[in-house]
There are 2 protein chains.
Amino acid sequence: MRKIEAVDFFYLSMPEVTTEGDGSQDALLVRVAAGGIVGWGECEASPLVSIAAFVCPMSHGACRPVGSSVLGQRLEGPEDIARIAAQIELDSMDLLQAPHTWSGVEIALWDLLGKARQQPVWKLLGYRESFRKLPYASQLFGDTPAQTYQQAVEARRQNFRAVKFGWGPIGRGDLQSDFEHFASAREGLGKDALLMVDVGQIFGDNVPAAAARLPILEQVGAVWLEEPFHTSALDAYASLSQRSSVKLAAGEGAHNFYMAQHLIDFGCVGYIQVDCGRIGGIGPAKRVADYAAAKGVTFVNHTFTSHLALSASLQPYAGLRSDEICEYPFAPKPLARDLTFNHLERDDEGYVSAPDAPGLGIEIDTEAARCYLVDVEIKVKGRLLFASSDQI
Amino acid sequence: MRKIEAVDFFYLSMPEVTTEGDGSQDALLVRVAAGGIVGWGECEASPLVSIAAFVCPMSHGACRPVGSSVLGQRLEGPEDIARIAAQIELDSMDLLQAPHTWSGVEIALWDLLGKARQQPVWKLLGYRESFRKLPYASQLFGDTPAQTYQQAVEARRQNFRAVKFGWGPIGRGDLQSDFEHFASAREGLGKDALLMVDVGQIFGDNVPAAAARLPILEQVGAVWLEEPFHTSALDAYASLSQRSSVKLAAGEGAHNFYMAQHLIDFGCVGYIQVDCGRIGGIGPAKRVADYAAAKGVTFVNHTFTSHLALSASLQPYAGLRSDEICEYPFAPKPLARDLTFNHLERDDEGYVSAPDAPGLGIEIDTEAARCYLVDVEIKVKGRLLFASSDQI
């Protein structure tokens, strides 16, 4: 019987981390070993806090460290991953960070299982085919409309047919400033490219403030308005959705299946974007993809880091032909690029696909990863609970 | 101008922590200092992970440590607490543990403000009066129905007119076993005492399994069935609620206002029970109390630890006369009892009240606390981010 023998976390970081909204500045890489096979995953979460949630002392029966539900467990098939997930839900019920920690482990378990069976993860999920996706270049708005324009031109020069701009100055200044950014983006992209706009929850649950941007979003032909509100502000989503001809998109903040379900059912979003590195991994993301398909809502991955995370994020909807759009980190930090030997490069027509290779089909460049390794030590009652290792 | 000068965390624990569902086995005590005044609060959360979320390195602009939004901030009135909370919502958006960490800090800030103004927190919240509450003895089911019976008898002997049994064997065996526990509880309590049942999310989102217990809960006259499901399984709550003459109760897992709101609006619970030590503190709990009152839903505190946490949990609904029931730890571990000099003892008629004293009205026994102090050290890149101090 195959058992989970080891789970190792590697906290990687750029030498300098800034306040820009770029999630590729650090990474929490996870390696799982079982029966002589190794799988890799990535948490999209604070590395230190997520490590702490794996190794922390138990507080009581429903606040146990994630590690206690994982280490030593049987791993023969997907049903074992689901069983471990259910156990964590009960035994780490009061440990809020648990889903973020578990996500990276869960992804690594799928990678490992796929390698063991010599099948891509999307086949283990029940798909027969991995349909190609149209990547959109995902990037931050410029500080000025002129910068936004330049970035749009550059994305088009690199043959992206879809581009998303996010965060930065939007919603922090006046309407005119936002309009200039949106208009500059459209101007730089030309008429035909798909333009998406992501405002990073800036409006909290203030519907009128978000609604004030709708006419200019319609004017520039935005495909969607992403995250106008707090992930849980379902009433605000529903209310804005009713007023808007531009569809709403959200879901990256979901840390379980239900939160995504509620964004669909109660928030009335048109696009559901979950991050495998936060929602509890590939299993719950697949459940969201199935649910979205049944409800006529389009599934889109959320990914802003490495191509390991990108491959993981494509698996849950690889077999959904009509859900074609995919987020593609446009200008990640060197860490995110260097972390893997291979990358999901676009084909001649500009598409990418989840690899037709065992597991996630991504090879980690362990030597490169070592260069970004952050030294961490956690001691409780004089006992070393975690010490970073350079044995990547 | 008063500024937040220091926030100190003290991880306290019983020498031995077991897998029983007793949340009083450890505690995360928080001390805040501003303008020569000190306030105390408590997180109802994993101490190590919550500390890590205060001190962790920034991952990017929306994944900053909680500390960066708190230290050095102005603290003149309640509006400053709300402002800091809003800043954390944006700047620690991707740090899942943040609400649990912030909860204890927020409570301490209210305590500090109350002391500065020489007013109880419930007055700062806008209440004119602190109405007395009927405490229910909150305890775990026995391992056997005979033990459950004995515990019920003991609670009555101690003059509790309301008793809640929770967790333990319920939902893990067959219906007959559950029935025997419920019946033994009722038998031990006698006809007149209020009996509540808490099953600790054991049914996940399995409505039929929970529904199978309804007839026996009705038969023993249970006031409510608490947490049959995962906090976010709103459909399951709504579905069970429709079939049940016993009202449903939930909310302790809410880590923001919206989650409690959705349990009311979409989950159709009859009792909303939030924990100030998890939902983001006293501010959001008060918002839930107001919302519940407007919707005809009864607010109940969730508290299973010290009387510092108990006082904090009473403030948000101190002024709601008709919401009379309150959770009262019946047999907490010595740590939870020893932590404070004074306790919210029951009056001659068996009631307790939020203190009519500055702040939370609870004095910390720092010497006793020191006896339970857990030594913690967190180092990142060779820098000491946290070291526990015995300067309580």
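Since the model is a prediction, treat every value here as computed from it, not as a measurement.

Parameters at a glance
Residues numbered from 1 in each chain as written. Chains lettered and ligands numbered in written order. Predicted model: local features only at pLDDT ≥ 70, side-chain atom pairs only at ≥ 80, totals over all residues. Least-squares fit on C-alpha atoms with pLDDT ≥ 70 in both. Helix = DSSP H or I, 4+ residues; strand = E, 2+ residues; numbered from the N terminus. Buried ≥ 20, exposed ≤ 12 C-beta atoms within 10 Å, placed from the backbone. Contact = placed C-beta atoms within 7 Å. Domains from an automatic or database assignment. Nonpolar A, V, L, I, M, F, W, Y, C, P; charged D, E, K, R; others polar. Pairing = 2+ DSSP bridges. Axes fitted to C-alpha atoms, helices over the stretch in contact; angles between N-to-C directions. Expected span 1.5 Å × (residues − 1).

### Description of the relation of the copies chain B and chain A
Stage number 1. Structural alignment of chain B on chain A gives an RMSD of 0.0 Å, achieved by rotating through 180° and translating 0.0 Å along the axis. Each copy turns onto its partner about a two-fold axis.

### Points about unusual backbone geometry
Stage number 1. One non-glycine residue, Gln201(A), lies in the positive phi region at around 65°.
Stage number 2. Among the secondary structure elements, Gln201(A) is positioned in the loop between strand S6 (194-198) and helix H8 (207-211).
Stage number 3. Despite not being glycine, Lys381(B) has its phi angle at roughly 55°, a positive value.
Stage number 4. Looking at the element boundaries, Lys381(B) is found in the loop between strand S12 (376-380) and strand S13 (383-387).

### Topic: the environment of Thr305(B)
All names here are of chain B.
Stage number 1. With respect to the secondary-structure elements, Thr 305 resides in the loop between strand S10 (298-301) and helix H13 (307-314).
Stage number 2. You can call Thr 305 buried: it has 26 C-beta atoms within 10 Å.
Stage number 3. Taking the C-alpha atoms as reference, Thr 305 lies 9.3 Å from Glu 42; in sequence the two are 263 residues apart.
Stage number 4. Leave out the neighbours within four places in its chain, and Thr 305 touches Gly 23, Ser 24, Ala 27, Glu 42, Glu 44, Pro 329, Pro 332 and Ala 336.

### Here we look at the domain arrangement of chain A
Residue and element names in this part refer to chain A.
Stage number 1. When cut into domains, chain A gives domain 1 (4-123 + 365-387) and domain 2 (124-338).
Stage number 2. For domain 1 versus domain 2, the separation of C-alpha centres amounts to 26 Å.
Stage number 3. The interface is formed by 38 residues belonging to domain 1 together with 33 residues belonging to domain 2.
Stage number 4. Mapped by element, the contributors of at least two residues to the side of domain 1 that touches domain 2 are strand S3 (37-43), helix H3 (78-91), helix H4 (98-117) and helix H5 (121-124).

### Brief notes about the interface of chain B and chain A
Stage number 1. At the interface, 53 residues of chain B touch 52 residues of chain A.
Stage number 2. Sorting the residues of the side of chain B that touches chain A by element identifies helix H1 (47-55), helix H3 (78-91), helix H4 (98-117), helix H11 (257-265) and S12 of chain B as the ones contributing at least two each.
Stage number 3. Ranked by residues supplied to the side of chain B that touches chain A, first place goes to S12(B) with 5 residues.
Stage number 4. Taken together, the residues of the side of chain B that touches chain A break down into 25 nonpolar, 19 polar and 9 charged.
Stage number 5. Where strand S12 (residues 376-380) of chain A lies against S12(B), 5 bridges are found, and the strand directions are antiparallel. Note that in S12(B) the partner of Glu377(A) across the bridge is Lys379(B).

### Observations concerning the environment of Tyr317(A)
Residue and element names in this part refer to chain A.
Stage number 1. Within the secondary structure layout, Tyr 317 lies in the loop between helix H13 (307-314) and strand S11 (325-329).
Stage number 2. Put simply, Tyr 317 and Arg 287 are 30 residues apart on the chain and 9.8 Å apart in space, counted from C-alpha to C-alpha.
Stage number 3. Each residue touching Tyr 317, except ones within four places of it in the same chain, is listed here: Ala 289, Phe 299 and Asp 323.

### Some points on the pairing of strand S11 (residues 325-329) of chain B
Remember that side chains alternate between the two faces of the sheet whenever the strand is regular.
Residue and element names in this part refer to chain B.
Stage number 1. Of all 5 residues making up S11, 5 are buried, and the element is well covered by its neighbours.
Stage number 2. By the alternation rule, side chains of S11 split into Ile 325, Glu 327 and Pro 329 and Cys 326 and Tyr 328, which are all buried.
Stage number 3. Pairing analysis gives 5 bridges linking strand S4 (residues 134-140) to S11, with the strands arranged parallel. Each residue of the ladder has a partner; that of Ser 138, found in S11, is Pro 329.

### A word on the sheet that holds strand S7 (residues 222-226) of chain B
Residue and element names in this part refer to chain B.
Stage number 1. Strand order in the open sheet made by the 8 strands is S10-S9-S8-S7-S6-S5-S4-S11, with parallel pairing throughout. The open sheet is flanked by S10 and S11, the only strands paired with a single partner. Pairwise comparison of adjacent strand axes, ignoring direction, gives a mean angle of 25° for this sheet.
Stage number 2. Here strand S9 (residues 271-274) pairs with S10 via 4 bridges, running parallel. Considered in S10, the bridge of Ile 272 is made with Phe 299.

### A short note on helix H6 (residues 145-157) of chain A
Residues and elements named next belong to chain A.
Stage number 1. The terminal C-alpha atoms of H6, which comprises 13 residues, lie 18 Å apart, in line with the 18 Å expected from a rise of 1.5 Å per residue.
Stage number 2. Buried-residue contacts for H6 involve strand S4 (134-140), strand S5 (162-166) and helix H7 (175-189).
Stage number 3. Among the residues trailing H6, Asn 159 stands out with phi positive, at a value near 70°.

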